[in-house]
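The residues making up each chain are set out below.
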Amino acid sequence: MAPLDLALRQELLALQDAYISTLDTDALEHWPDMFVEDCLYEIIPKENVDLGLTAPVIYCDGKKMLRDRVVSLRHANIFQPVVYRHFISGLSVQSVEGDEVAMQSSYLVINTSQLGQSVVYQTGRYHDRVVRTAKGWRFRSKRAIYDTSRIQTALAIPI
Amino acid sequence: MAPLDLALRQELLALQDAYISTLDTDALEHWPDMFVEDCLYEIIPKENVDLGLTAPVIYCDGKKMLRDRVVSLRHANIFQPVVYRHFISGLSVQSVEGDEVAMQSSYLVINTSQLGQSVVYQTGRYHDRVVRTAKGWRFRSKRAIYDTSRIQTALAIPI
Amino acid sequence: MAPLDLALRQELLALQDAYISTLDTDALEHWPDMFVEDCLYEIIPKENVDLGLTAPVIYCDGKKMLRDRVVSLRHANIFQPVVYRHFISGLSVQSVEGDEVAMQSSYLVINTSQLGQSVVYQTGRYHDRVVRTAKGWRFRSKRAIYDTSRIQTALAIPI
């Protein structure tokens, strides 16, 4: 890779770390701010993607929907103190066009239930489109394509 | 992030990799050397931290206690060849003041028992204060705040 | 670490990410291209390595054997759509001699079965020798030294 690419790679890795750090520290109110106003966020099973089907289990079109989602999460889940930890590896950049980058990375989410047991909650691959703005990198679209179909609880939290 | 911040980020990630690499290769005798002389190391349940309680299950005050801990580990665990693997993600920097940085990152420890089965041993978040010395970055304090309360074995090894 | 070392570290991390990304996106046909022609690839239990035994469960000597392996995998596993996700952490560089680097890193592989359950498939440590070529960094040798002896399925896929 050229030095310039390595610098870009650093910025993208920092963005991914900031994203999962926001989720893992339960700072959900800041989560929508990592997206541009006119964004797409979805969680979709790999099986559907492989078959060419577009049937996400979670679909948010625009930042307002992300904010609404956080509000409803705060009301719904107040009695379920489940802890999530995200791990990312295997970043690959598909395209760089001006200030917009398409990239993928594998993710792993471990959750710890109220009883204190930690298990693999979900694995999958992020398909992201990110754009450089005056405030830094933001997600234009984020698709969390998950492998795990036997998910233990409802897909309540953002991935 | 500014280029300078990305360079700092690289140094911090290299430190974290060196830390877990020391543990994962069972080079425990080198573990205390990653801390400054007047250091703090503790392992504490997230539940306690959330409640404002200061009741760590492991507490080491100063490098000498870390060294003592390694010596006792070498004597106690000689017949339990359990293998630990650490994975870190989601670095976030809270503050940079001169040569001292406060940072956090999520960690995952997988252990493999003598019978050869690998399971999630512990997840949590490191809360670190690190300082730049003539010999490189060292930990002034490391708090491993763990999510998993159903820990399979005694908290024998450093996290 | 010196700035030069951090730049090298970036290149090595990018190589590791490209490697696991190739595996995780099922682009196995590109996997042999990440090695030099005269390469060594093996998967070997940690127990054997610790005892000084050289008895790998998988041994490929030269790029042609890697290509043969992919061909046989494509024929053998066509009805088993198991998904693998690799995670890497704890990179450490053992030596840098001209254009050749010896390095290690811990790996975690999670697999998701056809039934949709995700479990820890294998952990271990890569012992790699990589060389800088006109086309970028390539593996001269890769040894995947695994901890997990109770592996659920045959060691069919590359690690």
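Residues numbered from 1 in each chain as written. Chains lettered and ligands numbered in written order. Predicted model: local features only at pLDDT ≥ 70, side-chain atom pairs only at ≥ 80, totals over all residues. Heavy atoms only, no water.

Q: Just to check I follow, could you spell out the environment of Ser 141 of chain C for this structure?
A: Summarising the element assignment, Ser 141 of chain C is placed in strand E6 (residues 136-146). Those residues in contact with Ser 141 of chain C that sit more than four places away from it in its chain are Leu 40, His 127, Asp 128 and Arg 129 of chain C. (Helix = DSSP H or I, 4+ residues; strand = E, 2+ residues; numbered from the N terminus. Contact = heavy atoms within 4.5 Å.)

Q: Hey, could you run me through unusual backbone geometry in this one?
A: Excluding glycine, most residues fall at negative phi; most peptide bonds, likewise, are trans. Residues and elements named next belong to chain B. In this model, Asp 26 sits at a positive phi of 60°, which is unusual for a non-glycine residue. Checked against the element boundaries, Asp 26 lands in the loop between helix H1 (3-24) and strand E1 (35-45). On the basis of relative accessibility, which here comes to 46%, the residue Asp 26 falls in the partly exposed class. (Buried < 20%, exposed > 50% of the residue type's maximum accessible area, 1.4 Å probe, protein only.)

Q: Looking at this structure, how should I read the sheet that holds strand E6 (residues 136-146) of chain A?
A: Hydrogen bonds between backbone atoms are what pair the strands of a sheet, whose relative direction is either parallel or antiparallel. All names here are of chain A. Taken in spatial order, the 6 strands of this open sheet run E2-E1-E6-E5-E4-E3, and their pairing is mixed. Two strands in the sheet have a free side with no partner beyond their single neighbour: strand E2 (58-61) and strand E3 (83-97). The average angle at which neighbouring strand axes cross in this sheet is 20°, direction not considered. The sheet contact formed by E3 and strand E4 (residues 100-112) spans 12 bridges and is antiparallel. Bridging from a neighbouring strand, Phe 87 pairs with Leu 108 of E4. Running at roughly 60° to strand E1 (residues 35-45), helix H3 (residues 63-76) makes contact with E1 and E2 of the sheet. (Pairing = 2+ DSSP bridges. Axes fitted to C-alpha atoms, helices over the stretch in contact; angles between N-to-C directions.)

Q: Hey, could you run me through the interface of chain A and chain B in this one?
A: One frequent convention defines the size of an interface as the accessible area lost when the parts assemble. Each partner contributes residues to the interface: chain A has 23 residues there, and chain B has 23 residues. For the chain A and chain B pair, buried surface summed over both sides reaches about 1800 Å², with 57% attributable to carbon and sulfur atoms. Our count for the contact surface shared by chain A and chain B stands at 2 salt bridges. Asp 17 of chain A is the partner of Arg 9 of chain B in a salt bridge, and the nearest nitrogen-oxygen pair spans 3.0 Å. (Buried area = accessible area lost by both parts, 1.4 Å probe. Salt bridge = Lys/Arg side-chain N within 4 Å of Asp/Glu carboxyl O.)

Q: Got a minute to help me understand the packing of aromatic side chains in this structure?
A: One pass over the full model with this rule turns up 27 aromatic pairs over all chains. Where Trp 31 of chain A meets Tyr 41 of chain A, the ring centres are 5.1 Å apart and the plane angle is 85°; that geometry is what we call edge-to-face. Here the residue Trp 31 of chain A occupies a position in the loop between helix H1 (3-24) and E1, and Tyr 41 of chain A occupies one in strand E1, the gap between them amounting to 10 residues. Accessibility classification places Trp 31 of chain A together with Tyr 41 of chain A in one group, the buried group. Ring centres of Trp 31 of chain B and Phe 35 of chain B lie 5.8 Å apart, and the angle between their planes is 80°; on these two criteria the pair is classed as edge-to-face. Taken individually, Trp 31 of chain B and Phe 35 of chain B each receive the classification buried, so the pair is uniform in this respect. What links up through ring pairs into an aromatic cluster is the set Tyr 19, Trp 31, Phe 35, Tyr 41, Tyr 107, Tyr 126 and Phe 139 of chain A. The ring of Tyr 19 of chain A carries the charged tip of Lys 142 of chain A above its face, separated from the ring centre by 4.3 Å. One cation-aromatic arrangement involves Lys 142 of chain B over Tyr 126 of chain B; the distance from NZ or CZ to the ring centre is 3.4 Å. (Phe/Tyr/Trp six-rings, centres within 6.5 Å; stacked < 30°, edge-to-face > 60°. Lys NZ or Arg CZ within 6 Å of the ring centre and 35° of its normal.)

Q: Which parts of the structure should I look at to understand the environment of Phe 139 of chain A?
A: Residues and elements named next belong to chain A. Among the structural elements, Phe 139 can be located in strand E6. Residue classification places Phe 139 among the buried residues on the basis of a relative accessible area of 0%. Distance from Phe 139 to Met 34, taken between C-alpha atoms, is 6.2 Å for residues 105 residues apart in sequence. Non-local contacts of Phe 139, meaning those with residues more than four positions away in its chain, are made with Leu 15, Gln 16, Tyr 19, Met 34, Phe 35, Val 36, Cys 39, Met 103, Asp 128, Arg 129 and Val 130.

Q: Help me understand the sheet that holds strand E5 (residues 118-133) of chain C, please; the structure alone is not making it clear to me.
A: Residue and element names in this part refer to chain C. Read from one edge to the other, the open sheet built from 6 strands follows the order E2-E1-E6-E5-E4-E3, with strand pairing classed as mixed. Edge positions in the sheet fall to strand E2 (58-61) and strand E3 (83-97), since each has one partner strand and no second. With strand direction ignored, the average angle separating the axes of adjacent strands in the sheet is 20°. Taken together, the 4 bridges between strand E1 (residues 35-45) and E2 define a ladder with antiparallel strand orientation. Looking across to E2, one finds that Ile 43 is bridged to Ile 58.

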